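Observations on the three-dimensional arrangement
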Amino acid sequence: MTSAFPYFTEGEVVKGFGRGSKELGIPTANFPIEVVKKLPEACSEGVYYGWAQVDEGPVFKMVMSIGWNPFYNNTVKSMETHIIHEFKEDFYGSNMKVCMLGFIRPMRNFKGLDELIAAIKKDISDAEGALEKPEHIKIRSDNFFAISTQKTTGASCSI
């Protein structure tokens, strides 16, 4: 699995299922299916951490769920990114760049909403700690985040 890191991709932020902010209190930014389909096989279902940037703004820590989210019985694979920053408004239609740097845990089901929220909060804490490592901090200033790009519904990926 680690051979896939760092993994860089980008795409337009699209509407997801609408549960992140409303039901969980943890907003997510979602990639279109075209970006999800380009994930390397090494990126199995689970929770990842790394860096994210919206349009040409600052680069923030992020945690990302990849998979079908068994708690909600999703039938479509998704990439749901929680950027560890409080945004004042939604940014649907914006270009989001992410760099995945590591794996936190596999996807799993939960007995209830409280257990799911607790797991997500632990994922966020784990991501924040992992991203303090010097080898991860240096990726925050990678040229990938400095180069201006057009909004896209596809992905620009490298492994």
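What counts and how
- Residues numbered from 1 in each chain as written.
- Predicted model: local features only at pLDDT ≥ 70, side-chain atom pairs only at ≥ 80, totals over all residues.
- Heavy atoms only, no water.
- Salt bridge = Lys/Arg side-chain N within 4 Å of Asp/Glu carboxyl O.
- Helix = DSSP H or I, 4+ residues; strand = E, 2+ residues; numbered from the N terminus.
- Buried < 20%, exposed > 50% of the residue type's maximum accessible area, 1.4 Å probe, protein only.
- Pairing = 2+ DSSP bridges.
- Expected span 1.5 Å × (residues − 1).
- Arc of directions from axis to C-beta.
- pLDDT = per-residue confidence, 0-100.
- Contact = heavy atoms within 4.5 Å.
- Polar contact = N/O pair within 3.5 Å; in protein donor to acceptor, adjacent residues only side chain to side chain.

Concerning the pattern of salt bridges
Here the structure, examined in full by the defined rule, presents three salt bridges. E132 is the salt-bridge partner of K61, the closest N and O atoms lying 2.3 Å from each other. Of this pair, K61 sits in strand β4 (residues 59–67) while E132 is found in the loop between α3 (113–130) and α4 (134–137), placing the two residues 71 residues apart along the sequence. For K61, a relative accessible area of 17% gives the class buried. Residue R105 pairs with D123 through a salt bridge whose shortest N-O separation is 2.9 Å. One end of the pair, R105, is in strand β6 (residues 95–106); the other, D123, is in helix α3, and 18 residues separate them in sequence.

Some points on the sheet that holds β4
Strand order across the open sheet formed by six strands is β1-β6-β3-β4-β5-β2, with antiparallel pairing between neighbours. Of all the strands in the sheet, just β1 (7–12) and β2 (29–30) have a single pairing partner and so form its edges.

Let's talk about the environment of E12
As for its placement among the helices and strands, E12 is situated in strand β1. E12 sits in the partly exposed class, given a relative accessible area of 25%. Separated by 81 residues in sequence, E12 and G93 place their C-alpha atoms 5.5 Å apart.

Examining the pairing of β1
Burial runs high along β1: five of the six residues are buried. Here β1 pairs with β6 via six bridges, running antiparallel. Bridging from a neighbouring strand, Y7 pairs with M100 of β6.

With respect to α3
Taking 1.5 Å as the rise per residue, α3 with 18 residues should run 26 Å; its terminal C-alpha atoms sit 26 Å apart, in good agreement. Those residues of α3 that sit buried are L116, I117, A119, I120, D123, I124, A127 and A130. All buried residues of α3 project into a common sector of 160° when viewed along the axis, lining one side. Relative to its buried face, α3 has exposed residues pointing more than 90 degrees away, namely D114, K121 and K122.

What to know about the confidence of the model for the protein
Per-residue confidence for the protein averages 86 on the pLDDT scale, and 84% of its residues sit at or above 70. Of the regions scoring below 50 in pLDDT, residues 151–159 engages in 36 contacts with residues more than four places distant in sequence or in other chains.

Some points on the environment of E10
Tracing the backbone through its elements, the reader meets E10 in strand β1. Assessed through its relative accessible area of 4%, E10 is described here as buried. Considering only alpha carbons, one finds E10 and V35, 25 residues apart in sequence, at a separation of 7.5 Å. At a separation of 2.8 Å, a polar atom in the side chain of E10 contacts the side chain of N95.

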